[in-house]
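Spelled out from the first residue to the last, the chains are:
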Amino acid sequence: MKLVLASKNEKKLIEMREILSHLGVEVCLPSDVGVDMDVEETGTTFEENSRLKAQAVMEASGLPAIADDSGLCVDALGGAPGVYSARYGGPGLDDVSRYRLLLENLKGQPRGAKFVSVITCCFPNGDVLTARGECPGTIAFAPMGKGGFGYDPVFFLPKLKKTFAQLTPEEKNAISHRGEALRAFRKELERYMREKSEEFL
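Residues numbered from 1 in each chain as written. Predicted model: local features only at pLDDT ≥ 70, side-chain atom pairs only at ≥ 80, totals over all residues. Heavy atoms only, no water.

Looking at the overall build of the protein chain
Looking only at helices and strands, the protein chain features 6 helices and 7 strands. For the protein chain, the C-alpha radius of gyration of 17 Å lies close to 17 Å, the compact-globule estimate for 201 residues. Considered along the principal axes of its C-alpha atoms, the protein chain spans approximately 60 × 35 × 25 Å. Out of the 201 residues in the protein chain, the part that is buried amounts to 43%. Of the accessible surface of the protein chain, which amounts to about 10,300 Å², a share of 52% is contributed by carbon and sulfur atoms. (Helix = DSSP H or I, 4+ residues; strand = E, 2+ residues; numbered from the N terminus. Rg over C-alpha atoms; globule rule 2.2 N^0.38 Å. Buried < 20%, exposed > 50% of the residue type's maximum accessible area, 1.4 Å probe, protein only. Areas by Shrake-Rupley, 256 points an atom, 1.4 Å probe, with all protein chains shown as cover.)

Here we look at the packing of aromatic side chains
According to the stated counting rule, one finds 4 aromatic pairs in the structure shown. Relative to F164, the ring of F155 lies with its centre 5.0 Å away and its plane at 55°, an arrangement referred to as tilted. Both residues of the pair, F155 and F164, belong to the buried class. Three or more aromatic residues link up through ring pairs in this structure, and these residues are F115, F155 and F164. The ring of F141 carries R111 above its face, with NZ or CZ at 4.1 Å from the centroid. (Phe/Tyr/Trp six-rings, centres within 6.5 Å; stacked < 30°, edge-to-face > 60°. Lys NZ or Arg CZ within 6 Å of the ring centre and 35° of its normal.)

This is the structure in structure tokens:
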């Protein structure tokens, strides 16, 4: 079975391939099947945005499509930036500017937070699979580490005494929100493929 990843992010493609390859599933980019589109994320939840992206790419390609929507939810900010994590602070800000703004907005506030990832796969026959992963942590008082991207340098894991940006890719995948969502999705896909085995023979 071939799945089209509703993203142009090659890091996400590598991650998806690593998790799903043993199922005999091929994951490719939209450009590999002649699709070039940017889906507007108009949803107010991770589930809605994930489904919007998967649905649009599935309809454009005629193939099953998989999408994830992820973000940082900070308790003291009422769950913000949430689905707006990549747009926090408005257009024109880069990753460093966004987490600096977050640190500024959290001065004197509790630091509890979690990363959330929701993965959705839409099939041309109308079937939909969804999986969710979460990783609890806190917001550090200053950035630490050079790895990762986005808010990773300020997302602190008390048990490990490290930020996401200080972990190796293997360490991060073992505990991250996206790693958890991917593993849950793999189980859902395995079950689905068993139920639909005749269609995939």
